[in-house]
Protein chains: 2
Amino acid sequence: MNYRITIQYDGSRYNGWQKQGNTSNTIQGRLEEVLERMAGQAVEVHGAGRTDAGVHALGQTANFHLQGEWDPGEIRRYLNRYLPDDIEVTAIDRVPPRFHSRLSAREKVYRYRIGTGGRKAVFERKYRYLYPGELDVEAMKQGAAFCIGTHDFKSFCANRHMKKSTVRTITEIAFGQKEGDLVITFTGDGFLYHMIRILTGTLLEIGSGQRRPEEMKEILEGKNRALAGRTAPAQGLMLVAVRYGDEYEV
Amino acid sequence: MNYRITIQYDGSRYNGWQKQGNTSNTIQGRLEEVLERMAGQAVEVHGAGRTDAGVHALGQTANFHLQGEWDPGEIRRYLNRYLPDDIEVTAIDRVPPRFHSRLSAREKVYRYRIGTGGRKAVFERKYRYLYPGELDVEAMKQGAAFCIGTHDFKSFCANRHMKKSTVRTITEIAFGQKEGDLVITFTGDGFLYHMIRILTGTLLEIGSGQRRPEEMKEILEGKNRALAGRTAPAQGLMLVAVRYGDEYEV
């Protein structure tokens, strides 16, 4: 049977989602450890988004196959009991065998939170990037508009040896507020390695007046990472939701 | 000149508000260190509430005297710059020389947050007590009603050698919800050492059915700490606000 879980985590103390060699301190690694203990069999957990070290998730999804009959509620309770307190399974359901959390995903939503106005925001400090200056949000919106649609985002990909396509579709970049902070929500069919953090870093350089909004167009056309802005810090980034087609909706 | 500050802090990694012997890791100690560096003089910071180790504050207040002329905005910026990221000064104002944050306080508001329904609540996990069972909130409200008014709260005081009066007035104990959690808000003229945590622990024993609501009356009348319930964990407690008379309002 194939199970899909929705997971929330505070990424602060993890080396990201994906298991890497002998670095066991990853979200995927923790999930697999607990599932293997529960099921007495090797379990591979496939995540929808490979969040970086320090990136958080409100609605990451993952799936795994288990031999035998398991009650979904029982799996969820077991996971929540034995996972650390900074990882929580918020939903679980049985999905068709062909479902794969990453390959079946239609849309992903990420949110980047920027602390402006000098507020340290003690209780949210690990989930935002405290930005030291003033920002021209209108200019940032103008810059972001160039990214909407289907483009080659090679300039926003930190993986220099990326052999696969760097073409992606961004359907929306929305600017909002949360308790006085600036929140940018990115919706698209998928994102390249560090793509949202480089987009955000570039938007911050536009917002601070270091770049003109129109440069965003030139950066996209240049297809060169060196043209884009700095990579914004991991801690401001949150994977909010992963959406699937109707056939996989609960 | 006398200055009053409003302070927010995540108490998780501190030994509480008050400086104690050679334990420097307290909120008061951190504030004094930074103020002394700024002013080049010894500064004593008086807090309104002596929060325990692990207790948080959304609106603690404190005051201190400084020789010479200082711009309040400048003091605030200096403090926020050099204080750790889990302590923030959210307001500052000049107050009359006789103002004392604790002695002048008329009312204090504390909030205790109880995680119910099994949610781990990853992003708020340090600011709530994850309660493992079901709670009868109506019974808790009945028990709490016995505490409203002026009573001798000796049974709810952890300091066995308390020589001063243990009489206090609680004006309100309100039950609310926050993202599915149970939140109890206590308002009164002052609270004894561990008083809110013992009240909460006793209310939890009522909510779980281990005690009847009417026992609250007997516990108060018995004036004996051993009669009351366990002390609820520090991390669920937050000092929300300290209120002063009109003469000290900004």
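Chemist: Which parts of the structure should I look at to understand the overall build of chain A?
Modeler: Across its full length, chain A carries 5 helices and 10 strands. At 19 Å, chain A has a C-alpha radius of gyration in line with the 18 Å of a compact globule built from 250 residues. Principal-axis analysis of the C-alpha atoms places the extent of chain A at approximately 60 × 40 × 35 Å. Every one of the 250 residues in chain A was classed for burial, and the buried ones make up 54%. A total accessible area of about 11,500 Å² is found for chain A, and carbon and sulfur atoms account for 46% of it. Chain A carries 36 positive and 31 negative side-chain charges, and their two centres are separated by 4 Å.

Chemist: Where do I start with the packing of aromatic side chains in this structure?
Modeler: In this description, an aromatic ring pair is defined by two values, namely the gap between the centres and the angle between the planes. Considering all chains together, one arrives at 16 aromatic pairs over all chains under this definition. Over the ring of Tyr-82 of chain A we find Arg-37 of chain A, and its NZ or CZ is 4.6 Å from the ring centre.

Chemist: Honestly, the interface of chain A and chain B in this entry has me stumped. Any pointers?
Modeler: It is common to give the size of an interface as the accessible area lost on bringing the parts into contact. Counting residues at the interface gives 23 residues for chain A and 23 residues for chain B. When the area that chain A buries against chain B is broken down by residue, the three leading residues are Lys-120, Phe-123 and Arg-125 of chain A, summing to 44%. Where Asp-10 of chain B meets Arg-125 of chain A, a salt bridge forms, and the shortest distance between an N and an O atom there is 3.1 Å. Linking chain A to chain B there are 16 residue pairs in polar contact (both at pLDDT 80 or more). Looking at the side of chain A that touches chain B, the elements that each hand over two or more residues are strand S1 (2-9), strand S3 (56-65) and strand S4 (87-95) of chain A. By residue number, the principal contributor to the side of chain A that touches chain B is S3 of chain A, which donates 3 residues. When the residues that make up the side of chain A that touches chain B are grouped by side-chain class, the tally is 11 nonpolar, 4 polar and 8 charged.

Chemist: Please clarify how the relation of the copies chain A and chain B should be interpreted in this entry.
Modeler: For the pair chain A and chain B, the best superposition has an RMSD of 0.0 Å and corresponds to a rotation of 180 degrees with a translation of 0.0 Å parallel to the axis. Expressed as an axis order, the relation between the two copies is that of a two-fold axis. When you check the interface residues of chain A against chain B, 100% turn up at the interface there too, and the contact is symmetric in its surfaces.

Chemist: Explain unusual backbone geometry here, please?
Modeler: Residue and element names in this part refer to chain A. Located in the positive-phi region is His-194, a residue other than glycine, with phi close to 70 degrees. In this structure, His-194 sits in the loop between strand S9 (181-188) and helix H4 (195-207). Here the phi dihedral of Lys-223 falls at roughly 50 degrees; this positive angle occurs in a residue that is not glycine. By the element assignment, Lys-223 lies in the loop between helix H5 (215-222) and strand S10 (237-244). Looking at Lys-223, the relative accessible area reads 44%, which means it is partly exposed.

Chemist: For this particular structure, what's the right way to read the nonpolar core?
Modeler: It is characteristic of soluble globular proteins that their nonpolar side chains tend to be buried jointly. Ranked by internal contacts, the top residues of the largest apolar core, which has 68 residues, are Ile-75 and Phe-156 of chain B. Sort the elements by how many residues they give to this core and helix H4 (residues 195-207) of chain B lands first, with 7 residues. Formed by 67 residues, the second largest nonpolar core is a distinct cluster that contains Leu-79, Ile-87, Ala-144 and Tyr-244 of chain A.

Chemist: Would you explain the pattern of salt bridges in this entry?
Modeler: Pairing between side chains becomes possible if they bear opposite charge and their charged atoms approach one another. By the definition in use, this model includes 40 salt bridges over all chains. Here Arg-113 of chain A ties to Glu-124 of chain A by a salt bridge, and the two come within 3.5 Å at their closest N and O atoms. Taken together, the positions of Arg-113 of chain A in strand S5 (residues 105-115) and Glu-124 of chain A in the loop between S5 and strand S6 (129-130) put the pair 11 residues apart, joining distant regions of the chain. A salt bridge links Arg-212 of chain B to Glu-218 of chain B, with the shortest nitrogen-to-oxygen separation between them at 3.9 Å. With relative accessibility at 45%, the residue Arg-212 of chain B sits in the partly exposed group. Residue Glu-218 of chain B is classed as partly exposed on the basis of its relative accessible area of 44%.

Definitions and limits used
- Residues numbered from 1 in each chain as written.
- Chains lettered and ligands numbered in written order.
- Predicted model: local features only at pLDDT ≥ 70, side-chain atom pairs only at ≥ 80, totals over all residues.
- Heavy atoms only, no water.
- Helix = DSSP H or I, 4+ residues; strand = E, 2+ residues; numbered from the N terminus.
- Rg over C-alpha atoms; globule rule 2.2 N^0.38 Å.
- Buried < 20%, exposed > 50% of the residue type's maximum accessible area, 1.4 Å probe, protein only.
- Areas by Shrake-Rupley, 256 points an atom, 1.4 Å probe, with all protein chains shown as cover.
- Lys, Arg positive; Asp, Glu negative; His and termini not counted.
- Charge placed at Lys NZ, Arg CZ, Asp CG, Glu CD.
- Phe/Tyr/Trp six-rings, centres within 6.5 Å; stacked < 30°, edge-to-face > 60°.
- Lys NZ or Arg CZ within 6 Å of the ring centre and 35° of its normal.
- Contact = heavy atoms within 4.5 Å.
- Buried area = accessible area lost by both parts, 1.4 Å probe.
- Salt bridge = Lys/Arg side-chain N within 4 Å of Asp/Glu carboxyl O.
- Polar contact = N/O pair within 3.5 Å; in protein donor to acceptor, adjacent residues only side chain to side chain.
- Nonpolar A, V, L, I, M, F, W, Y, C, P; charged D, E, K, R; others polar.
- Least-squares fit on C-alpha atoms with pLDDT ≥ 70 in both.
- Core = buried A, V, L, I, M, F, W, Y, C linked by side-chain atoms within 4.5 Å.

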